[in-house]
Amino acid sequence: MTVRTASRRTRGLLVLGALGVLLSGCGIRATEVPTDFGPAPSRTRCSLAEPEAPTRPERGLPVQVFLLCGSSLVAVDRTVRVPDGAADSRRVLVAQGLLDAVSQEPSAAERQAGYGTRVRRGTTVTGPRPGDPEDTLRLSSAPGSLTSAGLAQIVCTFSDSAAAEGDGSVILGGPDDARPRRYACTDEVRSRPDAGEPPSSEVTGG
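Described below are features of the structure shown in this document. Please read these numbers as outputs of a predicted model, since none were measured by experiment. (Residues numbered from 1 in each chain as written. Predicted model: local features only at pLDDT ≥ 70, side-chain atom pairs only at ≥ 80, totals over all residues. Heavy atoms only, no water.)

## Some thoughts on the sheet that holds strand β5 (residues 137-139)
Now for step 1: The 5 strands lie next to each other as β4-β5-β6-β7-β8, forming an open sheet whose pairing is mixed. Because the sheet does not close on itself, it has two edges, and the strands there are β4 (125-126) and β8 (200-202).
Now for step 2: Relative to strand β6 (residues 170-173), β5 runs parallel, the two sharing 2 bridges. Within β6, the position partnered with R138 by the bridge is G173.
Now for step 3: Strand contacts of helix α4 (residues 148-159): β5, β6 and β7 (181-183), with the helix running at about 140° to β6, the strand carrying the most contacts. (Pairing = 2+ DSSP bridges. Helix = DSSP H or I, 4+ residues; strand = E, 2+ residues; numbered from the N terminus. Contact = heavy atoms within 4.5 Å. Axes fitted to C-alpha atoms, helices over the stretch in contact; angles between N-to-C directions.)

Written out as structure tokens, the structure reads:
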């Protein structure tokens, strides 16, 4: 080791020693590790600590609906009451039950876990009009007037139920004369429901 190198190292040690004295005088301990500035911001858990026990057993059709949690859609269990009806109207009855369930305010435990919904309360659904494909579901609000997340909730909830077609797609229209469109619930829709409307395509024929 040269004399010049030893001199530089000695000066460095003296500076560190002086800094330690100054910090001690201020009541601050010198440390070699980064200071902890507090806990990181809490993140939405999107899961319930314990399943809520119903006050009494619910009768009906067990289904799953999609709620918002954080920036994604998460499936939660629900039970819907479906009135007896003809085979050709049962699909609409199931769809209405699903709409009622997905628009209902989440429970206190679900809200605490971060769940929410953007589907409007009171939204209704009817079957096809003359000239519509037979599997069309017409909402009381035009799909294009809904928020992207609210429409994504409806599309994904319907696509995983008896309200959907065999391939999981959903044909939705509104109360106006606009032609219905076929919507799909994709991985992108479930992970980023606010990014834009679910992908859709035109349908033709009745």
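## Considering the pattern of salt bridges
Now for step 1: For the coordinates displayed, the defined rule picks out 7 salt bridges.
Now for step 2: Salt-bridge contacts for D132 lead to R179; the nearest nitrogen and oxygen are separated by 3.9 Å. Remark: R179 occurs in the loop between β6 and β7 and D132 occurs in the loop between β4 and β5; sequence separation between them is 47 residues.
Now for step 3: A residue is classified by how much of its surface remains accessible, and D132, at 7% relative accessible area, is buried.
Now for step 4: Taking the relative accessible area as the measure of exposure, R179 reaches 44% and is therefore partly exposed.
Now for step 5: For R192, the salt bridge goes to E188, with nearest N and O atoms at 3.3 Å.
Now for step 6: Assessed through its relative accessible area of 42%, E188 is described here as partly exposed.
Now for step 7: Through salt bridges with shared partners, one network takes in D132, R138 and R179. (Salt bridge = Lys/Arg side-chain N within 4 Å of Asp/Glu carboxyl O. Buried < 20%, exposed > 50% of the residue type's maximum accessible area, 1.4 Å probe, protein only.)

## A few points about α4
Now for step 1: Over its 12 residues, α4 runs 16 Å from end to end, which matches the ideal 16 Å to within 8%, given 1.5 Å per residue.
Now for step 2: Most of α4 is tucked away, with 11 of its 12 residues classed as buried.
Now for step 3: Taken together, the buried positions of α4 are A149, G150, L151, A152, Q153, I154, V155, C156, T157, F158 and S159. (Expected span 1.5 Å × (residues − 1).)

## A word on the nonpolar core
Soluble globular proteins tend to pack their nonpolar side chains together in the buried interior.
Now for step 1: Membership of the largest hydrophobic core comes to 39 residues, with the highest contact counts inside it found for L137, L139, I154, F158 and L172.
Now for step 2: Mapped onto this core, the elements with two or more residues apiece are β1 (61-69), β2 (72-80), α2 (87-103), β5, α4 and β6. (Core = buried A, V, L, I, M, F, W, Y, C linked by side-chain atoms within 4.5 Å.)

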